[in-house]
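Overview (structure and organization)
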Amino acid sequence: MNTTNDVLWNDQPWWACESIHAHQTADVCVIGLGASGLSAIVTLAQHGFDVIGVDAGMIGGGAAGSNGGFVLAGLAAFHHDAVDALGHHRATTLYQLTLDAIADLQKEEPGLRMSGSLRIAADDEEYADCLAQFRVMQHDGLPVKTYEGSEGRGILFPNDGTFQPLYRVRRLAQQATTLGARLFERSSVTTIQSNLVTIEQYHIQCKHVIVAVDGRLEQLFPQLRSIVQTTRLQMAATAPAHDVALSRPVYYRYGYDYWQQRPDGRIAIGGGRDLYASEEWGYNPNPTQNIQSVIEERLRTVVNTSAPITHRWGACVAYRHDDVRPFVGLLMPNVWACGAYSGTGNIVGCIVAKAISRTIIENDARHLEPWIN
Ligand SMILES: Cc1cc2nc3c(=O)[nH]c(=O)nc-3n(C[C@H](O)[C@H](O)[C@H](O)COP(=O)(O)OP(=O)(O)OC[C@H]3O[C@@H](n4cnc5c(N)ncnc54)[C@H](O)[C@@H]3O)c2cc1C
C-alpha cells in the first residue's frame, strides 16, 4: 500500500507564493493559510487593513485543502450533545451562526452543492441516538428530518452540502491577494510576541497577530496542551464508481466514518481514527496501513463499491478536550488564536477567524461572545 500523501483535491496547477526573505511590517499578521486564516485576511483587507499571511507549508496544504469537503451546520458535537454541554440557548445560537454562514457561502462559492447530508446509524443503539438528536433539533427549531433510504436509517440535514475544499481555499487566496494582502508560503513561524512574529532570521512587526492554525495549535502555544491535542485524520478516494449512486454525503458510526460521491463519480471516504486513536495523535500527516485498511473495508462492505482506490492521504487537525466549542482566545496582548475544531472546521473555522477580525476592526469583542463565554 502506498502511504505517501496524495490528495484527491489537488488536481489543478496552482501558483506558488514566495517564502519570506526580508523583514516586514503590517497592521495584522495572520499565521496559517487555510480557509480560516484566509477568511480572516479577506475580512481585514476588505476593511482597509494592511495584512500579511504566512504558512509553514503551502496555501491549502493543511486540513482545509485536504478534508472530506462536507459543509456541515453545527459544531463537531451533535446538537443534542452540544445542548447537554452548553444549554439550548447557547448551542442553538451557535448552530444558527453556522446555518447563516452556509447561506452566505452559497452566494460566493460556485462549487457548493446544497445536497443536504445524512447521519446514518450503524446499529439500533445509534439509531436511538439519531432520534434523540432529531427531537432536540426539532424542539430548537433547527432544520432536520428523519430518513430511511438506500443508505440506511438515520436523519437528514437539508441545509448541509459539499464543496471541493482546496478550490475553496484557493479562491480565498486569490481574493486576499486581489485585495492587496501579502501571502508567504514555506515560512514557518518560530516565535510569536505581542507585536512581533519571527520566521527564521526575519521579523514581521505588526499591531495584531491572528494564529489560525488548527492542527499544531498546541505546538505554537504549549500552555494549551492540557486542552488541545493534534491528531491525524485520513481519507482515500476511488476512481469513478459506476456501481453506486450517492446523492448526499454520509456520516456513519457517530461520524467516525464518512463519505461522499463527487459529480465525476469518485468516492471520497474517511474515518477509522477512533479504532487506532493512540497512533493518530501527533503531527505526521501521512496515511498509515492500519487506518487505510479500515477505510478500505468500509468502502467495500458499507458503501458497497468495487471501484479501485486511486488516492490516499491524511492531514492534521486539533481536538479540544474540555469544551464542545473550538478554542478561541487572546493568548497575549494583541495575539488572538483559534483552532481545535475537533474534525469539523470548514464552516466553524471561518466563522471564528472572521469574528476575530471583526473584533480587531471594531475594537469590540461582541462577535466572539458566544464562542468564548
Ligand atoms: C481528512 C480530514 C477530513 C475532514 N473532513 C472535514 C469535513 O468534511 N468537514 C469539515 O467541516 N471539516 C473537516 N475536517 C476538518 C477541517 O478540515 C479543519 O478543521 C479545517 O479545515 C481547518 O482549517 P484551518 O484553516 O483552520 O486550518 P488548516 O487548513 O490546517 O491550516 C492551518 C495552516 O497553518 C499552518 N501552520 C501550522 N503551524 C505553523 C507555523 N508554525 N508557522 C506557519 N504556519 C503554520 C499549516 O501549514 C496549515 O497550512 C477534516 C479534516 C481532515 C484532516
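It should be emphasised that the depicted structure is a prediction, and the values quoted were computed from it without experimental measurement.

Let us now look at unusual backbone geometry. The backbone of Glu 200 sits at a positive phi, close to 50 degrees, despite the residue not being glycine. Mapped onto the fold, Glu 200 is located in the loop between β10 (196-199) and β11 (202-211). Here Glu 200 falls in the exposed class, since its relative accessible area comes to 62%. The backbone of Ser 342 sits at a positive phi, close to 55 degrees, despite the residue not being glycine. With respect to the helices, strands and loops of the structure, Ser 342 is situated in the loop between β18 (335-339) and α9 (348-362). The exposure class assigned to Ser 342 is buried, which follows from its relative accessible area of 18%.

Moving on, we come to the sheet that holds strand β15 (residues 267-271). The eight strands are arranged β5-β6-β4-β13-β14-β15-β12-β16 in an open sheet whose pairing can be described as mixed. Pairing within the sheet leaves two strands with one partner each, and these edge strands are β5 (145-149) and β16 (309-320). The sheet shows a mean angle of 25 degrees between the axes of neighbouring strands, taken without regard to direction. With five bridges connecting them, strand β14 (residues 257-261) and β15 associate as antiparallel partners. Pairing of Gln 260 across the sheet is with Ala 268, part of β15. Contacts from helix α4 (residues 124-139) reach β4 (117-120), β5, β6 (152-157) and β13 (250-252) within the one sheet, and its direction differs from that of β6 by about 25 degrees.

Glancing now at the domain arrangement of the chain. For the chain, the assigned domains read domain 1 (24-66 + 165-226 + 323-372) and domain 2 (228-319). Using C-alpha coordinates to define each centre, domain 1 is positioned 27 Å away from domain 2. The partner domain 2 presents 13 residues to the 18 residues of domain 1 that form the contact. Counting the surface lost from both domain 1 and domain 2, the interface buries some 1200 Å², and carbon and sulfur atoms represent 53% of this. Summed over the three residues of domain 1 that lose the most area to domain 2, namely Ser 66, Arg 216 and Glu 218, the buried surface amounts to 35% of that side. Across the contact surface, domain 1 and domain 2 share zero salt bridges. Linking domain 1 to domain 2 there are ten residue pairs in polar contact (both at pLDDT 80 or more).

Turning to the packing of helix α1 (residues 35-46) against helix α5 (residues 165-178), a few remarks are in order. Between α1 and α5, the shortest axis-to-axis distance is 9 Å and the interhelical angle comes to 25 degrees. The orientation of α1 with respect to α5, classified from their angle, is roughly parallel. Every pair of crossing elements has a handedness; the one defined by α1 and α5 is left-handed. Facing Ala 35, Leu 38, Ser 39, Ile 41, Val 42 and Gln 46 of α1, the residues of α5 in contact are Val 169, Leu 172, Ala 173, Gln 175 and Ala 176. Looking at the contact of α1 with α5 residue by residue, the class counts come to eight nonpolar, three polar and no charged.

Gaps left between atoms are located by rolling a probe of water-molecule size over the structure's atoms. For the second largest pocket, the calculated volume is near 600 Å³. Together, 25 residues line the second largest pocket, and Ala 101, Asp 104, Cys 350, Ile 351 and Lys 354 are the ones closest to its centre. Sorting the residues of the lining of the second largest pocket by element identifies α1, α3 (88-108), α5 and α9 as the ones contributing at least two each. Considering each element in turn, the lining of the second largest pocket owes the most residues, six residues, to α3. Across the lining of the second largest pocket, the residue classes break down as twelve nonpolar, seven polar and six charged.

We now examine the site of the ligand. Taken together, the neighbourhood of the ligand is formed by 34 residues, with Ser 36, Asp 55, Ala 64, Asp 214 and Asn 346 sitting nearest. A distance of 3.1 Å separates an oxygen atom of the ligand from a polar atom in the backbone of Ala 63. Separating an oxygen atom of the ligand from a side-chain N or O atom of Asp 214 is a distance of 2.8 Å. Out of a free accessible area of 1000 Å², the ligand has 95% covered by protein chains. Broken down by secondary-structure element, the contributors of at least two residues to the shell around the ligand are α1, β12 (228-238) and β16.

This part takes up the side chain of Thr 98. Relative to the assigned elements, Thr 98 resides in helix α3. The exposure class of Thr 98 is buried, given its relative accessible area of 0%. From its side chain, Thr 98 meets the backbone nitrogen of Gly 74 in a polar contact 2.7 Å long. If near-sequence neighbours (up to four positions away) are discounted, Thr 98 is found in contact with Ala 73, Gly 74, Ile 347, Val 348 and Ile 351.

Rules and cut-offs
Residues numbered from 1 in each chain as written. Predicted model: local features only at pLDDT ≥ 70, side-chain atom pairs only at ≥ 80, totals over all residues. Heavy atoms only, no water. Helix = DSSP H or I, 4+ residues; strand = E, 2+ residues; numbered from the N terminus. Buried < 20%, exposed > 50% of the residue type's maximum accessible area, 1.4 Å probe, protein only. Pairing = 2+ DSSP bridges. Axes fitted to C-alpha atoms, helices over the stretch in contact; angles between N-to-C directions. Contact = heavy atoms within 4.5 Å. Domains from an automatic or database assignment. Buried area = accessible area lost by both parts, 1.4 Å probe. Salt bridge = Lys/Arg side-chain N within 4 Å of Asp/Glu carboxyl O. Polar contact = N/O pair within 3.5 Å; in protein donor to acceptor, adjacent residues only side chain to side chain. Parallel < 35°, antiparallel > 145°, perpendicular 65-115°, else oblique. Left-handed = near helix turned anticlockwise from the far one by under 90°. Nonpolar A, V, L, I, M, F, W, Y, C, P; charged D, E, K, R; others polar. 1 Å grid on protein atoms, 1.4 Å probe; cavity = no way out; pocket = protein on both sides within 12 Å on 5 of 7 lines; lining within 4 Å. Points joined across faces, edges and corners; volume = space filled by probe spheres on them. Near = heavy atom within 4 Å. Areas by Shrake-Rupley, 256 points an atom, 1.4 Å probe, with all protein chains shown as cover.

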